[in-house]
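Residue-level listing of the chains:
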Amino acid sequence: MGQGGVQYVYAEVRAASADQKADVEAVEQHWKDLGVTTERYQTGGEDPILGVRGRGGPVSSSDFRADPRGYTIDGSSLCVPGDFDEMSLDGQE
């Protein structure tokens, strides 16, 4: 039987800015400063959507997608030993 643990998952959607390329670069640099290994990507088609994904450092995974219709960012923390209910009661959620 494995040991229990806690992992934090985050997702956010917001309006896009006028310069998606600069925003992808800024997010990528911030993640690199935190020790995250990054990889840029873009979707196919005539108007590709830019993005950057990351792994390592303080996160299990992260993704930033700079769609002109709206940005999305999500990430998962590393799994740490603990009990969610106890951590929640202590105000650590």
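Source: prediction; values computed, not measured.

1. So, the pairing of strand S6 (residues 70–77)
Part 1 of the argument: As judged from the six bridges shared by strand S2 (residues 9–14) and S6, these two strands associate in the antiparallel manner. Each residue of the ladder has a partner; that of alanine 11, found in S6, is aspartate 74.
Part 2 of the argument: Across eight bridges, the pairing between strand S5 (residues 59–67) and S6 is antiparallel. In the sheet register, aspartate 63 faces S6, and the bridge partner there is aspartate 74.
Part 3 of the argument: What sits between S5 and S6 in their antiparallel hairpin is a turn of two residues.

2. Section: the sheet that holds S6
Part 1 of the argument: An order of S2-S6-S5-S4-S3 is seen for the five strands of this open sheet, with the pairing classed as antiparallel. In the strand order of this sheet, the two ends are held by S2 and strand S3 (37–42), each with one partner. Averaged over all pairs of adjacent strands, the angle between their axes in this sheet comes to 10°, without regard to strand direction.
Part 2 of the argument: This element, helix H1 (residues 20–33), spans S3, strand S4 (50–56), S5 and S6 of the sheet and lies at about 5° to S4.

3. Notes on the side chain of aspartate 63
Part 1 of the argument: Its location among the elements puts aspartate 63 in strand S5.
Part 2 of the argument: Among buried charged residues, aspartate 63 stands out as having no salt bridge; its nearest opposite-charge side chain is arginine 53, 4.4 Å away.
Part 3 of the argument: Side chain to side chain, aspartate 63 and tyrosine 41 meet in a polar contact 3.0 Å long.
Part 4 of the argument: When near neighbours in sequence (up to four residues on either side) are disregarded, aspartate 63 contacts Trp31, Tyr41, Val52, Arg53, Thr72, Ile73 and Asp74.

4. Quick word on the side chain of aspartate 67
Part 1 of the argument: Here aspartate 67 lies in strand S5.
Part 2 of the argument: The exposure class of aspartate 67 is buried, given its relative accessible area of 8%.
Part 3 of the argument: Apart from the residues lying within four places of it in its own chain, the contact partners of aspartate 67 are Ala16 and Ile49.

5. Re the packing of aromatic side chains
The relative placement of two aromatic rings is captured by the distance of their centres and the angle of their planes.
Part 1 of the argument: Considering all chains together, one arrives at one aromatic pair under this definition.
Part 2 of the argument: Relative to tyrosine 71, the ring of phenylalanine 64 lies with its centre 5.2 Å away and its plane at 85°, an arrangement referred to as edge-to-face.
Part 3 of the argument: Residue phenylalanine 64 is classed as buried on the basis of its relative accessible area, which comes to 5%.
Part 4 of the argument: Positioned above the aromatic ring of tyrosine 41, the side-chain terminus of arginine 53 is 4.1 Å from the ring centre.

Reading the values: rules and limits
Residues numbered from 1 in each chain as written. Predicted model: local features only at pLDDT ≥ 70, side-chain atom pairs only at ≥ 80, totals over all residues. Heavy atoms only, no water. Pairing = 2+ DSSP bridges. Helix = DSSP H or I, 4+ residues; strand = E, 2+ residues; numbered from the N terminus. Axes fitted to C-alpha atoms, helices over the stretch in contact; angles between N-to-C directions. Contact = heavy atoms within 4.5 Å. Buried < 20%, exposed > 50% of the residue type's maximum accessible area, 1.4 Å probe, protein only. Lys, Arg positive; Asp, Glu negative; His and termini not counted. Salt bridge = Lys/Arg side-chain N within 4 Å of Asp/Glu carboxyl O. Polar contact = N/O pair within 3.5 Å; in protein donor to acceptor, adjacent residues only side chain to side chain. Phe/Tyr/Trp six-rings, centres within 6.5 Å; stacked < 30°, edge-to-face > 60°. Lys NZ or Arg CZ within 6 Å of the ring centre and 35° of its normal.

Read these as spatial facts, not as claims about activity.
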